[in-house]
Amino acid sequence: MPFGIGHEIVCLISRGALWSFFVDIKLQDEHNVPKEGPLIVAATHHNMIVDPAILSVTFPEQRRLHYWAKDSMFKNPNAAKFFDNCGVVPVDRKTKNNAQLYAATYKVMRLGESVAVFPEGTSHTLPRLGTFKDGASFAALEYAKLLDEDPRPNPDGSIPRKAKIVPVGIVYPEKSKYRSVAIVRYGKPIEVDPYMATYLEDPKKAAKQLTADLAHSIEALTVNAPDWDSRDAAEMARWLLFPGENGSMRDYIDVTQGLINAINDLSQTDQDIALLKQSLRSYKMELDALKLRDVHIAKYNEKDITAASTTIELLRRTLTSIIDLPLFLPGLIGHLPFYIAGYYGGKLEMYEEVRAQNKIVYGLFLVPFIYIFAFIWAWFTLFGGTFFGFFVSLATLGVFVWYHVTSIDERYESFKDLVGRWRLFDAVVLGRGMWRRKERILQLKKLRDVNVAGVRDMVYKYRSKNDDVHAVWSAVRTRVRQFGDPAKLHGRKKKLAKQYEWAFEG
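Definitions and cut-offs
- Residues numbered from 1 in each chain as written.
- Predicted model: local features only at pLDDT ≥ 70, side-chain atom pairs only at ≥ 80, totals over all residues.
- Heavy atoms only, no water.
- Axes fitted to C-alpha atoms, helices over the stretch in contact; angles between N-to-C directions.
- Helix = DSSP H or I, 4+ residues; strand = E, 2+ residues; numbered from the N terminus.
- Parallel < 35°, antiparallel > 145°, perpendicular 65-115°, else oblique.
- Contact = heavy atoms within 4.5 Å.
- Nonpolar A, V, L, I, M, F, W, Y, C, P; charged D, E, K, R; others polar.
- Salt bridge = Lys/Arg side-chain N within 4 Å of Asp/Glu carboxyl O.
- 1 Å grid on protein atoms, 1.4 Å probe; cavity = no way out; pocket = protein on both sides within 12 Å on 5 of 7 lines; lining within 4 Å.
- Points joined across faces, edges and corners; volume = space filled by probe spheres on them.

A. Examining the packing of helix α6 (residues 135-149) against helix α7 (residues 193-201) more closely. Between α6 and α7, the shortest axis-to-axis distance is 10 Å and the interhelical angle comes to 85°. One way to sum up the angle between α6 and α7 is to call them roughly perpendicular. Along its contact with α6, which presents F138, L141, E142, A144, K145 and D148, the element α7 presents Y195, M196, Y199 and L200. Split into classes, the residues belonging to the contact of α6 with α7 amount to seven nonpolar, no polar and three charged.

B. Up close: the side chain of Q257. Note on placement: Q257 falls in helix α10 (residues 252-266). The contacts of Q257, once residues within four sequence positions are left out, are T222, V223 and N224.

C. Representation of the pattern of salt bridges within the structure. Tallied over the entire structure, the rule returns 30 salt bridges. Salt-bridge contacts for R64 lead to E8; the nearest nitrogen and oxygen are separated by 2.7 Å. Of this pair, R64 sits in the loop between α2 (50-58) and β3 (65-70) while E8 sits in helix α1 (residues 5-21), placing them 56 residues apart in sequence. If you follow the salt bridges from partner to partner, you end up with D29, R185 and D254 in one network.

D. Region of the structure containing the layout of surface pockets. Computed from the structure, the second largest pocket encloses a volume of approximately 1,600 Å³. As for the second largest pocket, its lining consists of 47 residues, and the residues nearest its centre are P52, Y67, W68, A69 and F118. Ranked by the residues each element gives to the lining of the second largest pocket, the list is headed by α1, at seven residues. Grouping the constituent residues of the lining of the second largest pocket by class yields 31 nonpolar, 11 polar and five charged.

E. Quick peek at the packing of helix α9 (residues 228-241) against helix α16 (residues 437-462). In contact at an axis separation of 10 Å, α9 and α16 are set at 90° when each is read in the N-to-C sense. As judged from the angle between their axes, α9 and α16 are roughly perpendicular. Contacts between α9 and α16 involve A237, L240 and L241 on the former and, on the latter, R448, N451, V452, V455, R456 and V459. When its residues are assigned to classes, the contact of α9 with α16 shows six nonpolar, one polar and two charged.

And the structure:
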C-alpha cells in the first residue's frame, strides 16, 4: 500500500508543530528497531494525536508507519482517497473473524511495511500504563498463521515475512507543557513464533500471553507507579536530588522509576521513609497550590526568605529581562496570538491528555493567518511590494520564525522564574493574598530543607542495600564525576556543584 503526497504533507506539518512545541524529542535504543521486514509498532498512548505525530516523524531509518482507523471512516469516497493517500489502514470492527478484521493490515505487512498501534486503546492520564487490548497480538498471530497456510511470494517476487512487534514507550515528563521534552524509547522486538503452537490450539490464550509479554516490555520502557502519591513523591525526590534537571535528564526514566520503586518498597519497612513519602507529596501539593516551583524555593537554600532577599531576587530577574527585551520583543509581539491561543487551549480543557493537542491544533490554525499577514506587511511596508522584496520578505519571515523558536527556551524559563519571583514578592513583601500565603511560603522553605535531608539520607543509607537506590546513587555519582575538581569550578557550575557536595565523598 503505497504512501502518497498526503502522508508527506501531514508529516511535514507534524514536524513543524512538534519542533515549535517541544524543546527536544529524545530517541533512546532505536537500534532495537529492525531495518527491514513488517513491524507492528506498539506504543503507549498518553497524549492524543501527539503520540502518532511523534512516532511518524522520528521513527528510525525514516520508515513510514500506517495507522488503523474504523472502516466506516472510508465510506465517503473523498475521505477514503485521502486516508489511503496518508497510509491509513481500515479495520472492520463489526466482524469477529480476525482474517477479515485485519485484512487490509495483512496486505500492508505482506509488502514489508509497518503498522503503528496503541494497545491501551484510548489516551489517558494515569500514574501507570492502562489496560492493554489484544488487537496487536491477534493481528500479529493471525498474520503469521496465514503466512504458514499461504507462503506464496508477492506479485513482485518478494517473500513475505512474519511481523515482529516492537514495543515503544513515549514518555512525557510534563506532557501538556509548552517547550517540554518527549522521550521515545524502543524495546527489543518480540517474535511471534514461540506463541504459534498455543495459538493454533487456543487463539485467545495465545493472544493474552503475547499481550501480557508486550505490556511487560513496555512497562520496562516507561515510568509506572501504583498511585499518584507514589509518583508525585518520586518526582519531587528527583527534583531535589538533581537540581536544574527534569525531562532534560538523559536517564530520566531509569532514575524516576528507581525512586518510585525504592520509596514504595522501603516505606513498607522503614517508618522514616514512609514519613518522607508523605512529606514529599505534601511539598509538591503546596508548591502547586501556591503556583510556585521548587527552583523558586531552592534559591534560598542558605538564607531565609526575607523581604530584602525576595526584593533583591525580583529586581535582579526583572533587570535581566528588561535588558534582554529589545532583542526578543518583536518575535514576542508577532507570536503573541499563538501564546494566547495555546494558553486558553490548555486552560479550558479538563483532561490533561488533550491539552497539548489543543495547544498545537489552535496554533496550527493561526499559522496561515499570522504568517501570511506578516509576510504581506513586510513585503509592502518594508520593501515596497517589489519583485525582489517578495523573496527578501520570504527569507526574513523564515529567519524571524527560526530565531524566535530557537531562542525561546531560555527566555521562557526566565519568564516563568520572573512570575515566581513576583509571587514570592507579592506574598512576603506586600503581604497580599488570602490563606496566610507568607506563612505558607516560609513553612514551605522549612519543608524543603527537611525533604532534601531526608532524600539524601535515604540514598546514602540504602545505596548498597537496595538495587533501585544504588541505581539512583550511581546517577548522582555520574554528575559528581563530571564536575571534576571542585576547587577549579567557577560561576554557575560552582553553584550547581555545591548542591552535590553531599555526594562528593563515597
